[in-house]
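Secondary and tertiary structure notes
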Amino acid sequence: MRLARPLMTASAAICGLVLLAPPAAAEVEPGGWNPIVPVPTPSLQERGCGVITGNVFELTCSTASGDQRAEYRYPTYENGTHQFEGRFRVESMGGTRISLKQTFRDGTDGGAYYMLAVENGGRLYSVHGGIELGNQATVGATVRVNTVHQVGVSHRTYINGSRVLDADVSSLPGKYYDKLGAYRTNSGNGPVKVTWGGVKMWQK
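First, a word on scope: everything that follows refers to the structure included in this document. (Residues numbered from 1 in each chain as written. Predicted model: local features only at pLDDT ≥ 70, side-chain atom pairs only at ≥ 80, totals over all residues. Heavy atoms only, no water.)

Points about the state of the cysteines
The criterion, for reference: Whenever a pair of cysteine sulfur atoms sits within 2.5 Å, that pair is classed as a disulfide. The helix count covers DSSP runs of H or I at least four residues long, the strand count covers runs of E at least two residues long, and both are numbered beginning at the N terminus. We call a residue buried when its accessible area falls under 20% of the maximum for its residue type, exposed when it is over 50%, and partly exposed in between, using a 1.4 Å probe and counting protein chains only.
Enumeration according to the criterion identifies one disulfide in this entry. Note on cysteine connectivity: Cys 49 is disulfide-linked to Cys 61, with sulfurs 2.2 Å apart. Taking the torsion about the sulfur-sulfur bond, which here is approximately -65 degrees, the covalent link between Cys 49 and Cys 61 counts as left-handed. With Cys 49 in the loop between strand 3 (43–47) and strand 4 (50–53) and Cys 61 in the loop between strand 5 (56–59) and strand 6 (69–73), this pair connects stretches of sequence that are twelve residues apart. Judged by relative accessible area, Cys 61 falls into the buried class, the value being 18%.

Examining the nonpolar core
The line we're drawing: Among buried residues, the Ala, Val, Leu, Ile, Met, Phe, Trp, Tyr and Cys ones that are joined through side-chain atoms within 4.5 Å form a nonpolar core.
Judged by nonpolar contacts, the single largest core of 37 residues is most densely connected at Phe 57, Phe 88, Leu 124, Leu 180 and Trp 196. Elements represented by at least two residues in this core include exactly strand 5, strand 6, strand 8 (81–93), strand 9 (96–105), strand 10 (111–118), strand 13 (142–150), strand 16 (175–189) and strand 17 (192–203). For this core, the element with the most residues is strand 17, which contributes five residues. Ranked by size, the runner-up nonpolar core spans five residues in total, among them Val 28, Trp 33, Val 148 and Trp 202.

Here we look at the packing of aromatic side chains
Defined as follows: Pairing of aromatic side chains requires ring centres within 6.5 Å, counting the rings of Phe and Tyr and the six-membered ring of Trp. Pairs whose planes differ by under 30 degrees are stacked, by over 60 edge-to-face, and all others tilted. Our definition puts a charge over a ring when NZ of Lys or CZ of Arg is within 6 Å of the ring centre and also within 35 degrees of the ring normal.
Taken as a whole and judged by the stated rule, the model has seven aromatic pairs. Taken together, a centroid distance of 5.0 Å and an interplanar angle of 70 degrees make the contact between Tyr 113 and Tyr 176 edge-to-face. Remark: Tyr 176 occurs in strand 16 and Tyr 113 occurs in strand 10; sequence separation between them is 63 residues. Assigned by exposure class, Tyr 113 and Tyr 176 land together as buried. Geometry around Tyr 177 places Arg 73 over its ring, the cationic atom sitting 3.6 Å from the centre. The ring of Trp 33 carries Lys 204 above its face, with NZ or CZ at 4.6 Å from the centroid.

Here's the deal with the side chain of His 155
Keep this limit in mind: The term polar contact refers here to a pair of N or O atoms within 3.5 Å; inside protein, the definition further demands a hydrogen-donor-capable atom paired with an acceptor-capable atom, and it admits residues adjacent in sequence only when both atoms are side-chain atoms.
Within the fold, His 155 resides in strand 14 (residues 154–159). At 2.9 Å, the side chain of His 155 and the side chain of Thr 103 are in polar contact.

Examining the pairing of strand 8
This is how the line gets drawn: Two strands qualify as a pair provided that DSSP identifies no fewer than 2 bridges between them.
Counted residue by residue, strand 8 has eleven buried out of 13 residues, so it is predominantly covered. The sheet contact formed by strand 8 and strand 13 spans nine bridges and is antiparallel. Bridge pairing in strand 13 links Phe 84 to Thr 147. Here strand 8 runs beside strand 17; their pairing, made up of ten bridges, is antiparallel. Its bridge partner lying in strand 17, Glu 85 is registered against Lys 200.

Observations regarding the pairing of strand 14
Of all six residues that make up strand 14, six are buried, and the element is covered over most of its length. Side chains of strand 14 alternate between two faces, with Ser 154, Arg 156 and Tyr 158 and His 155, Thr 157 and Ile 159 buried alike. Where strand 13 and strand 14 come together, six bridges link them in antiparallel fashion. The residue of strand 14 that forms the bridge with Gln 150 is Ser 154. Hairpin geometry of strand 13 and strand 14 is characterised by an intervening segment of three residues between the two adjacent antiparallel strands and by a positive phi of about 80 degrees at Gly 152. The pairing of strand 14 with strand 15 (residues 162–166) spans four bridges and is antiparallel. Note on strand 15: the bridge partner recorded for Ile 159 is Ser 162.

Shape descriptors only; they carry no functional weight alone.
Structural data, given as structure tokens:
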């Protein structure tokens, strides 16, 4: 089992970011945002058959049990409103029901507060409640995802700039962090290969 470890080489991360370099864009909910520059360095989580190479996240097996993950975990935040933006591209997918982005509650009462996942064929959905968010994530398509989290109040998701979900989860105070990559949900399995890039963050 490989646990969290420091970020790989800067050159590897830059290569991944260049691959999905976006055109200039502003946050999805303008007004009063302060950019977090530079974006905080994440830690890496590789477990089971999860492998991270720069900004490429893979589950190399079809195992439908156990902890199979390849993820970046960003630093914890608390209070206020936080916006995450990133672009992902599913490079290949022999499995299904893979979580791509999480908003995670830290601490003893923690857990996945919100999970954006993809099924084989490109259907995006919210793991909590199974709500469909579109069919944009076909193999080879680049998808932009934004989440806006007002701690203790609300959590909203945007896909390619369109608001698709006010998460039907309890609005709880506490500490949270963003995660991205490829993670086997309870009903999912690999293999899968995903590239992430263009990560930006704001707060207010």
